[in-house]
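Remarks on the overall topology
Here is what each chain is made of, one letter per residue.
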Amino acid sequence: MRRVHAVVSGDVQGVGFRYAAAEHARELGVAGWVRNLPDGRVEAEVEGESGAVERMIAWLERGPRAARVAAVEVAETPVLHEDAFLIEH
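The text that follows walks through the structure, step by step, so that each part is easy to find. These figures come from a predicted structure and were not determined experimentally.

Parameters at a glance
- Residues numbered from 1 in each chain as written.
- Predicted model: local features only at pLDDT ≥ 70, side-chain atom pairs only at ≥ 80, totals over all residues.
- Heavy atoms only, no water.
- Helix = DSSP H or I, 4+ residues; strand = E, 2+ residues; numbered from the N terminus.
- Buried < 20%, exposed > 50% of the residue type's maximum accessible area, 1.4 Å probe, protein only.
- Contact = heavy atoms within 4.5 Å.
- Axes fitted to C-alpha atoms, helices over the stretch in contact; angles between N-to-C directions.
- Parallel < 35°, antiparallel > 145°, perpendicular 65-115°, else oblique.
- Left-handed = near helix turned anticlockwise from the far one by under 90°.
- Salt bridge = Lys/Arg side-chain N within 4 Å of Asp/Glu carboxyl O.
- Pairing = 2+ DSSP bridges.
- Core = buried A, V, L, I, M, F, W, Y, C linked by side-chain atoms within 4.5 Å.
- Phe/Tyr/Trp six-rings, centres within 6.5 Å; stacked < 30°, edge-to-face > 60°.

1. Details of the environment of Ala-75
Structurally, Ala-75 is set in strand S4 (residues 68–77). Overall, the relative accessible area of 38% leaves Ala-75 in the partly exposed class. It is 8.8 Å that separates the C-alpha atoms of Ala-75 and Arg-3, two residues lying 72 residues apart in sequence. In contact with Ala-75, not counting residues within four places along its chain, are Arg-3, Val-4 and His-5.

2. What about the packing of helix H1 (residues 17–28) against helix H2 (residues 50–62)?
Running from N to C, H1 and H2 point in directions that differ by 155 degrees, and their axes come no closer than 10 Å. In terms of axis orientation, H1 runs roughly antiparallel to H2. Handedness of the crossing formed by H1 with H2: right-handed. Residues Phe-17, Ala-20, Ala-21, His-24, Ala-25 and Leu-28 of H1 lie in contact with H2, whose contacting residues are Ala-52, Arg-55, Met-56, Trp-59 and Leu-60.

3. Things to note about the pattern of salt bridges
Per the stated rule, a full pass over the model turns up eight salt bridges. Here Arg-26 makes a salt bridge to Glu-23, at a shortest N to O gap of 2.5 Å. You can see Arg-26 and its partner Glu-23 sitting in helix H1, three residues apart, about one turn around the helix. A residue is classified by how much of its surface remains accessible, and Arg-26, at 54% relative accessible area, is exposed. Each member of the salt-bridge network shares a partner with another, and the members are Arg-2, Glu-54 and Glu-76.

4. Things to note about the sheet that holds S4
Ordered by their spatial adjacency, four strands build an open sheet running S2-S3-S1-S4, and the pairing between neighbours is antiparallel. Looking at the sheet topology across the chains shown, the edges are occupied by strand S2 (31–36) and S4. Put simply, the sheet's adjacent strands are angled 15 degrees from each other on average, direction ignored. Those strands touched by H1 are strand S1 (2–11), S2, strand S3 (42–48) and S4, and its axis lies near 175 degrees from that of S2. Along the sheet, H2 contacts S1, S3 and S4; its crossing angle with S1, the most-contacted strand, is approximately 5 degrees.

5. Some details on the nonpolar core
Grouped together as the largest cluster of nonpolar side chains are 19 residues, with contacts concentrated most on Val-8, Phe-17, Val-30, Met-56, Trp-59 and Leu-60. Per-element accounting of this core gives the leading share, six residues, to H2. Ignoring sequence-local partners within four residues, the contact set of Phe-17 consists of Val-8, Val-12, Val-42, Trp-59, Leu-60, Gly-63, Pro-64, Ala-67 and Val-69.

6. Some remarks on the packing of aromatic side chains
Evaluation of the coordinates by the stated rule reveals one aromatic pair. Seen from their ring centres, Phe-17 and Trp-59 are 5.4 Å apart, and the 50 degrees between their planes marks the pair as tilted. With Phe-17 in helix H1 and Trp-59 in helix H2, this pair connects stretches of sequence that are 42 residues apart. For the pair shown, Phe-17 and Trp-59 are each scored as buried.

Functional significance is not addressed by these values, which are geometric in nature.
See the structure below:
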């Protein structure tokens, strides 16, 4: 299981990027969320099997047909098990 946080910049809002990303994630069988940021970027968090997450990252780098992706910043985030909880100091 793998979880990543991604921020996509470029001409990505107004072209259905968020909707298309959510649809593609469903097709790949990965979970997560996608949202537009006020500065014009798109933020996503994706969790699933490693190969499916890799394919989702590759899709984010291309985007839907009308988008012009400038950069995708990807950071790994920990995957917590159902019986675990996070303790912050």
